[in-house]
Amino acid sequence: MKIYIDGTVAHLQGDLTYAGMTRTNIELMVAALSRIESESWDKIRINCEKVHTVDNNGLQLLGVWMQCVRFMGVEPELYNIPDNLQQAIQMM
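Residues numbered from 1 in each chain as written. Predicted model: local features only at pLDDT ≥ 70, side-chain atom pairs only at ≥ 80, totals over all residues. Heavy atoms only, no water.

**A word on the sheet that holds strand E2 (residues 9-16)**
Read from one edge of the open sheet, four strands run E1-E2-E3-E4, paired in mixed fashion. Bordering the open sheet on either side are strand E1 (2-6) and strand E4 (75-79), each of which pairs with just one other strand. Taking each pair of neighbouring strands and ignoring which way they run, the sheet shows an average axis angle of 25°. The strands touched by helix H2 (residues 56-71) are E1, E2, strand E3 (43-54) and E4; relative to E4, the strand with the most contacts, the crossing angle is about 140°. (Pairing = 2+ DSSP bridges. Helix = DSSP H or I, 4+ residues; strand = E, 2+ residues; numbered from the N terminus. Axes fitted to C-alpha atoms, helices over the stretch in contact; angles between N-to-C directions. Contact = heavy atoms within 4.5 Å.)

**Describing the nonpolar core**
Leu12, Leu16, Ile36, Ile44 and Trp65 are the most contacted members of the largest nonpolar core, which totals 25 residues. Setting aside residues no more than four positions away along its own chain, Leu16 makes contact with Met1, Met21, Val51, Thr53, Val54, Asp55, Gly58, Leu59, Leu62 and Leu85. (Core = buried A, V, L, I, M, F, W, Y, C linked by side-chain atoms within 4.5 Å. Buried < 20%, exposed > 50% of the residue type's maximum accessible area, 1.4 Å probe, protein only.)

Printed below as a string of structure tokens:
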């Protein structure tokens, strides 16, 4: 899974799974948090349309990342949520 920020939108790509979480990908998430912290945003949209696969580990990591964003005073909003991710979120 990868994340990059374009304007006030964070784009998620790939597998939101335990196997998809590599050191590089986690470092990208940390870099995205640093970028968000340096901006003065009230809200960030998280585009999920390119998330292919999801598991509970990936959802937990996304949840922690979103909570970190909230601690910075920025409200995250998921959108373009694929069916598999929507179903996984509802099952949590």
